[in-house]
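The chain contents come next:
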Amino acid sequence: MTPQPALDALPGWRDGPTKMRLLEVIGAMTEPSSPSYVEPRGRIATFDNDGTLWCEKPMYAQFMLLLIRWQAMVTEDPALRQVQPYKAAVESDYAWFGDPYAHFGDLLKGAGEAFANITPDAFEAAVTEFFDVVRHPRFDVPLHHLTYVPMVQLMHYLRERGFKVLITTGGGARLRPRRRRGHLRRPPRGGHRLRTGDRVPRRATGPRQHAGQGAR
C-alpha cells in the first residue's frame, strides 16, 4: 500500500485535491510495494521553462533583449527609426508586435540584423549584461529572480525522490547563463525569503505564482 503523503511536502501549494493527487502519484511511483512503482532509472519529469518556471510577462526575456538591441541600433543609426521593426521598438508599439505573422518578414530580418557578425563570446557578454541590468517593469527585480515558487518546489521534490528532471525551452542556450540557473537548484520554502527579498504571501493551487506575486 502506498503511504499517505504529507500535505506539507509542497508548502507553496494550497492543500487540496490537486496537491494531494500530485503527492499520491509521486508516492506510488517511488514506493517499491506499489503496483505503479517505477525503477529510479525510469523516473523522468520534464518542465517547460518560460511561463512555468520563470516569468514570461509582460514579454519573454528573449524578446526584451531583442527590443533593447533594436533601440540601441536606432541610437547608432537614426535612419532606422522609420524602418520596421526598429520603429515599433523605439515607439513601444506593442500593437505592431502583437501580430507577428503579419510582420514576419520584418521581424525575421530585424532579428538577423540585431546580432549579425557578433561572436559567441560577445553575444554571451551581451546576455550577461542584460540579466545584470534589466529589471522587471512591475516588480523592479532582475528578471531571473522571478520564479514560480510552487513549480520550483515540485522540481526539487521530484529530484529528492530519484527523478531526473529535464527543463525544455525555446530560448537559446546562451540565454541560460550558469549563474541564472542557480535559483532552480535551491529549493525555496513557502513563506521564506528568496533572492528578490519577496515573500510568498499565499499558497497556490497550481503553478501560476512567482516570487514577486502571490496567487490570486
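As the structure is a prediction and not an experimental result, all values here were calculated from the model. (Residues numbered from 1 in each chain as written. Predicted model: local features only at pLDDT ≥ 70, side-chain atom pairs only at ≥ 80, totals over all residues. Heavy atoms only, no water.)

J.: Is there a simple way to explain the packing of aromatic side chains in this structure?
T.: The geometry of an aromatic ring pair is captured by two quantities: the separation of the ring centres and the angle between the planes. Overall, the coordinates contain seven aromatic pairs when judged by the stated rule. Taking the centre distance of 6.2 Å and the plane angle of 75° together, the rings of tryptophan 70 and tyrosine 86 count as edge-to-face. With tryptophan 70 in helix 2 (residues 61-76) and tyrosine 86 in helix 3 (residues 86-90), this pair connects stretches of sequence that are 16 residues apart. As far as burial versus exposure is concerned, tryptophan 70 and tyrosine 86 are alike and both buried. Relative to phenylalanine 97, the ring of tryptophan 96 has its centre 5.2 Å away and its plane inclined at 85°; by these criteria the two rings are edge-to-face. Judged by its relative accessible area of 11%, tryptophan 96 is buried. According to the relative accessible area criterion, phenylalanine 97 is buried, its value standing at 10%. Ring-pair connections join several aromatic residues into one group, and the members of that group are Phe63, Trp70, Tyr86, Trp96 and Phe97. (Phe/Tyr/Trp six-rings, centres within 6.5 Å; stacked < 30°, edge-to-face > 60°. Helix = DSSP H or I, 4+ residues; strand = E, 2+ residues; numbered from the N terminus. Buried < 20%, exposed > 50% of the residue type's maximum accessible area, 1.4 Å probe, protein only.)

J.: Whenever I open this one, the nonpolar core confuses me. Can you help?
T.: Burial of nonpolar side chains together is a common tendency in soluble globular proteins. With 24 residues, the main nonpolar core has Trp70, Phe97, Phe130 and Leu143 as its most contacted residues. Counting only elements with at least two residues in this core, the list comes to helix 2, helix 3, helix 4 (94-97), helix 5 (104-114) and helix 6 (120-133). Considering every element that reaches this core, the biggest residue donor is helix 2, with eight residues. Those residues within four positions of phenylalanine 130 in sequence are excluded, and the remaining contacts are Ala61, Met64, Leu65, Ile68 and Leu143. Counting residues in each nonpolar core, the second largest holds 20 residues, with Trp13, Tyr148, Tyr157 and Val165 among its members. (Core = buried A, V, L, I, M, F, W, Y, C linked by side-chain atoms within 4.5 Å. Contact = heavy atoms within 4.5 Å.)

J.: How do you make sense of the pattern of salt bridges when you look at a structure like this?
T.: Should their charged atoms come close, side chains of opposite charge can pair. The final tally for this structure, using the stated rule, is seven salt bridges. Its salt-bridge partner being lysine 109, residue glutamate 113 comes within 2.4 Å of it at the nearest N-O pair. Of this pair, glutamate 113 and lysine 109 both sit in helix 5, four residues apart, which is roughly one turn of that helix. On the accessibility criterion, glutamate 113 (29% relative accessible area) is partly exposed. Residue lysine 109 is classed as exposed on the basis of its relative accessible area of 52%. With a shortest N-O distance of 3.2 Å, arginine 161 and glutamate 160 are connected by a salt bridge. Note on glutamate 160: relative accessible area 57%, which makes it exposed. (Salt bridge = Lys/Arg side-chain N within 4 Å of Asp/Glu carboxyl O.)

J.: Help me understand empty space enclosed by the protein, please; the structure alone is not making it clear to me.
T.: One pass over the full model with this rule turns up two cavities of 30 Å³ or more. Looking at the largest cavity, its volume works out to about 60 Å³. Lining the largest cavity we find Trp54, Cys55, Lys57, Met59, Tyr60, Ala61, Met64, His136, Leu143 and Leu146. By residue class, the composition of the lining of the largest cavity is eight nonpolar, one polar and one charged. (1 Å grid on protein atoms, 1.4 Å probe; cavity = no way out; pocket = protein on both sides within 12 Å on 5 of 7 lines; lining within 4 Å. Points joined across faces, edges and corners; volume = space filled by probe spheres on them. Nonpolar A, V, L, I, M, F, W, Y, C, P; charged D, E, K, R; others polar.)

J.: Is there a simple way to think about helix 6 in this case?
T.: A turn of α-helix holds 3.6 residues, and therefore any two residues three or four places apart point the same way. Between its first and last C-alpha atoms helix 6 spans 20 Å; for 14 residues at 1.5 Å apiece the expected length is 20 Å, and the two agree. Three or more residues of helix 6 are buried, namely Phe123, Val127, Phe130 and Phe131. Along the axis of helix 6, the buried residues cluster in a sector spanning 90°; they form a single face. Summarising the geometry of helix 6, the exposed residues directed more than 90 degrees from the buried face are Asp121, Glu129, Asp132 and Val133. Among the structural elements, helix 2 are those in contact with the buried residues of helix 6. (Expected span 1.5 Å × (residues − 1). Arc of directions from axis to C-beta.)

J.: Could you clarify how one ought to interpret unusual backbone geometry in this entry?
T.: Glycine aside, residues mostly have negative phi angles, and peptide bonds mostly take the trans form. Cis peptide bonds are those with omega within 30 degrees of zero, and the linkage from glutamine 84 to proline 85 qualifies with 10°. With respect to the helices, strands and loops of the structure, proline 85 is situated in the loop between helix 2 and helix 3. Phi is positive for asparagine 117, which is not a glycine, with a value near 65°. Position of asparagine 117 relative to the elements: it lies in the loop between helix 5 and helix 6. The class of asparagine 117 is exposed, set by a relative accessible area of 82%.

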